[in-house]
Amino acid sequence: MKMIEEKIHVETSFSSLIKKNEELCGDKVAIRYCDQFCILVLADGLGSGVKANILSTLTSTIICEMMAEGATLQEAVDTITATLPQCQERGIAYSTFTIVQIYYDGMAHLIEFDNPAAVIMRRGMCIELPRTTRVIGQRRIRESSFQVEPNDFIVVFSDGIIHAGVGTFLNFGWDHADVEKHLTEYCRSTDPAREVTRILLACVNDLYQGQPGDDSTVATAKIVPATEARVMVGPPEHPEDDRKVVGRLLSATGKKICCGGTTSNIVSRITGKEIQIENLLSLTSDVPPMAYIEGLDLVTEGVLTLQKANEYLHECAQSPQFYEQFLLTKQEDGAILLTKMFLQDCTKIVFMVGRSDNPAHRQLAYSTISLRAKIRMIERMAENLKKLGKIVQIELY
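Observations concerning the layout of surface pockets
Taken as a whole, the largest pocket spans an internal volume of roughly 1400 Å³. Lining the largest pocket are 45 residues, and of these Thr12, Ser13, Arg194, Tyr323 and Leu388 lie nearest its centre. At the level of elements, β1 (8–17), β2 (27–33), α4 (193–207), β11 (216–225), α7 (303–318), α8 (320–328), α9 (334–345) and α11 (371–387) are the ones that each hand at least two residues to the lining of the largest pocket. Here the element with the most residues in the lining of the largest pocket is β1; it accounts for eight residues. Classifying every residue of the lining of the largest pocket by side-chain character gives 21 nonpolar, 13 polar and 11 charged.

Structure, rendered in structure tokens:
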């Protein structure tokens, strides 16, 4: 497959309100970050509760996974049609859906089937997209292809959003124009995707007076500039590759990070820049001290710092509340700064992992820090970073 130039990255967020008296949400969002594009699918199952949850989960998962593996829209919808036929009593589909596929060169495709039209915001204004209609498997699909720009928002939602307030604050609920007006009034181009999701869903919850009359889901994709951070971990297997790997580290378009004492010595030798160690008297953390090398954004100890950073990443991936609180922490050590750089300053992270048996580890007879363990730890970090919407690449040297 021909690689495309990565000009942009996609930051995603979604959240739901569950219909009152139900335990499961009838809407489902699936997101995949692939090598060339990001795909987001919002499905709304017929009815509510367990049945709707199963239907929307099947729909979103099948479409997302098939298109992520290279299937066409026609193939994905044909599969959905065969798997989830129309309800014979009502003559309507078992699940509606919206698909947002955004390539990292900036081309985006929007596909909608019976969900409310997506809102696209650019420079504080909602823009109208020309949409074409075609029939696939007896389903009338609306499509649009367009070029995105940094700080664009693509906001998709289920019909519970535009039903908010029916019979209470509003006679007929919100209409689409009301949703657009609310988003343009309260959202800023500097807001992250999760804030746009929160702003819209909070208003919907207020209109429902905390008792949602329908499952209500918002999913937001924000376009951000692509920034590739590179992290050098451990010495290369062959010393003659030292200069090549350090050169690749220094050519990063984003953050340049070095982890490990032996590794930082290699960088210092190749660049001719002195290593400056953090003041040990000021340490209050159980994380080893940081160092400074001119031209690099962060220099840390190796395995212990990476392990601690991975714990933070795991918690952030599991808990949005922990994520928010972590970004606000005033503490500073190598693991915290490394994690914050990954979360805030990087859209793609390239780990450049040296395969040499680190001489510093040979001195620890009891050490379990093997090359295999180090690579596995980096792989676990990559898994958590991908859950947080990052693109991750591991290179072995």
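Comments concerning the sheet that holds strand β5 (residues 107–113)
Taken in spatial order, the six strands make up an open sheet running β2-β3-β4-β5-β9-β8, and their pairing is antiparallel. The open sheet is flanked by β2 and β8 (132–136), the only strands paired with a single partner. The sheet shows a mean angle of 15 degrees between the axes of neighbouring strands, taken without regard to direction. Contacts from helix α2 (residues 73–83) reach β4 (95–103), β5, β8 and β9 (139–147) within the one sheet, and its direction differs from that of β8 by about 50 degrees.

Focus: the packing of aromatic side chains
The geometry of an aromatic ring pair is captured by the separation of the ring centres together with the interplanar angle, meaning the angle of the planes. Applying the stated criterion across every chain, the model contains five aromatic pairs. On the numbers, 5.1 Å between centres and 55 degrees between planes, the contact of Phe37 with Tyr103 is tilted. One end of the pair, Phe37, is in strand β3 (residues 37–45); the other, Tyr103, is in strand β4, with 66 residues separating them in the sequence. Taken together, a centroid distance of 6.0 Å and an interplanar angle of 20 degrees make the contact between Phe322 and Phe326 stacked. In this pair, Phe322 and Phe326 both sit in helix α8, four residues apart, roughly one turn of the helix. Overall, the relative accessible area of 6% leaves Phe326 in the buried class. Ring pairs connect the aromatic residues Tyr312, Phe322 and Phe326, which therefore count as one cluster.

What to know about the nonpolar core
Membership of the largest hydrophobic core comes to 35 residues, with the highest contact counts inside it found for Phe342 and Phe351. Those elements that provide at least two residues to this core are β12 (228–233), β13 (256–259), α7, α8, α9, β17 (348–353) and α11. Setting aside residues up to four positions removed in sequence, Phe342 forms contacts with Val231, Ile257, Leu313, Ile349, Phe351, Met381, Leu385 and Lys390. Among the nonpolar cores identified, the runner-up in size contains 23 residues, and Tyr33, Ala118, Leu129 and Ile223 belong to it.

Quick look at unusual backbone geometry
Phi angles above zero are rare outside glycine, and Asn151 is one such case at about 75 degrees. Within the fold, Asn151 resides in the loop between β9 and β10 (153–157). Using a relative accessible area of 35% as the deciding quantity, one classes Asn151 as partly exposed. Phi at Gln209 takes a positive value of approximately 55 degrees, unusual for a residue other than glycine.

What counts and what doesn't
- Residues numbered from 1 in each chain as written.
- Predicted model: local features only at pLDDT ≥ 70, side-chain atom pairs only at ≥ 80, totals over all residues.
- Heavy atoms only, no water.
- 1 Å grid on protein atoms, 1.4 Å probe; cavity = no way out; pocket = protein on both sides within 12 Å on 5 of 7 lines; lining within 4 Å.
- Points joined across faces, edges and corners; volume = space filled by probe spheres on them.
- Helix = DSSP H or I, 4+ residues; strand = E, 2+ residues; numbered from the N terminus.
- Nonpolar A, V, L, I, M, F, W, Y, C, P; charged D, E, K, R; others polar.
- Pairing = 2+ DSSP bridges.
- Axes fitted to C-alpha atoms, helices over the stretch in contact; angles between N-to-C directions.
- Contact = heavy atoms within 4.5 Å.
- Phe/Tyr/Trp six-rings, centres within 6.5 Å; stacked < 30°, edge-to-face > 60°.
- Buried < 20%, exposed > 50% of the residue type's maximum accessible area, 1.4 Å probe, protein only.
- Core = buried A, V, L, I, M, F, W, Y, C linked by side-chain atoms within 4.5 Å.

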